[in-house]
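As a plain string of letters, each chain reads:
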Amino acid sequence: MMPVLSSTGLVLHNLGLAAGFGGSLFGKVALNPAVKVIGSKSERGQVVNAAWNGFNIVNAASVGLAAITWLVGRSRLTGREIDRTTRGLVIAKDVLLGATVALGAANIFGGAFLAKQAPEGAVPVETGLTPTAGTPEKAAKTMRALDAGGIANIAAMAGVIGITAILNMRAGASSRWSLVARFLP
């Protein structure tokens, strides 16, 4: 039964990370720049805010699922079961996943705050999170913070994904870690 639960946890963990990372990366590199084809700068803001605030539910659920599966597995370890290198990787994953959750929450609340700066989220933008000369200062500051937070969040998620892959490879190479890794996604 444990390998089935472990495999399910790993699949859910990886799907959560994939959805959060992929959606955030798509928004940053494709959606945000693409709204420039919309003539009205207020409509650009409306589209971007509607899209991001719609994705926030998926993003929160996905990253939340990744965090929960990690915490459930992680709660079964004391740290004595693994070598120093693996322990460092597990702690690095703890930190990066915590950062991912915190940055994701900040971006969700920041996005909701930004959307409230104009009726129907129609805050004028050049592209995604690039303010225009006519963007109100409070909204422009929020956009800059969201842009920086989004980049940091994508980097943190990439780190979690990379460390997860390394930990999975280490589990395949070490019989001791393979036994312990059954409890972790």
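What you see is a predicted model, and the numbers here were worked out from it, not measured in a lab.

**Re a nonpolar patch on the surface**
Next up, step 1: A contiguous nonpolar patch, built from Val11, Leu12, Leu15 and Leu65 and spanning about 320 Å² of accessible area, is present on the exposed surface.
Next up, step 2: The greatest single-element share of the nonpolar patch, amounting to 3 residues, is contributed by helix 1 (residues 2-34).
Next up, step 3: You can see Leu65 is positioned in helix 2 (residues 41-74).

**Regarding unusual backbone geometry**
Next up, step 1: Of note in this structure, Glu120 is not a glycine but carries a positive phi near 55°.
Next up, step 2: Inspection of the secondary structure assignment puts Glu120 in the loop between helix 3 (84-115) and strand 1 (125-127).

**With respect to helix 2**
Next up, step 1: An ideal rise of 1.5 Å per residue puts 50 Å on 34 residues; helix 2 measures up with 47 Å between its terminal C-alpha atoms.
Next up, step 2: For helix 2, the principal kink sits at Asn56 and spans about 30°.

**Re helix 3**
Next up, step 1: Here helix 3 spans 46 Å end to end across 32 residues, near enough to the 46 Å set by a 1.5 Å rise per residue.
Next up, step 2: Among the residues of helix 3, Thr86, Leu89, Val90, Lys93, Leu97, Thr100, Gly104, Asn107, Gly110, Gly111, Leu114 and Ala115 are the ones counted as buried.
Next up, step 3: Its side-chain oxygen at 3.0 Å from the backbone nitrogen of Thr85, Asp83 defines the N-terminal cap of helix 3.

**Regarding the packing of aromatic side chains**
Next up, step 1: Under the definition given, this model contains 1 aromatic pair.
Next up, step 2: Pairing Trp52 with Phe55 gives two aromatic rings, centres 6.2 Å apart and planes at 75°, and the pair type is edge-to-face. One end of the pair, Trp52, and the other, Phe55, are both in helix 2, 3 residues apart, so they sit about a helical turn from each other.
Next up, step 3: By relative accessible area, which is 21% here, Trp52 ends up partly exposed.
Next up, step 4: By relative accessible area, which is 18% here, Phe55 ends up buried.

Calculation criteria
- Residues numbered from 1 in each chain as written.
- Predicted model: local features only at pLDDT ≥ 70, side-chain atom pairs only at ≥ 80, totals over all residues.
- Heavy atoms only, no water.
- Patch = residues over 30% accessible without salt bridge, like charges linked within 9 Å, V, L, I, M, F, W, Y side chains within 5 Å.
- Areas by Shrake-Rupley, 256 points an atom, 1.4 Å probe, with all protein chains shown as cover.
- Salt bridge = Lys/Arg side-chain N within 4 Å of Asp/Glu carboxyl O.
- Helix = DSSP H or I, 4+ residues; strand = E, 2+ residues; numbered from the N terminus.
- Expected span 1.5 Å × (residues − 1).
- Bend = angle between axes of the 7 residues up to and from the residue.
- Buried < 20%, exposed > 50% of the residue type's maximum accessible area, 1.4 Å probe, protein only.
- Polar contact = N/O pair within 3.5 Å; in protein donor to acceptor, adjacent residues only side chain to side chain.
- Phe/Tyr/Trp six-rings, centres within 6.5 Å; stacked < 30°, edge-to-face > 60°.

Read these as layout, nothing more, since geometry by itself doesn't imply function.
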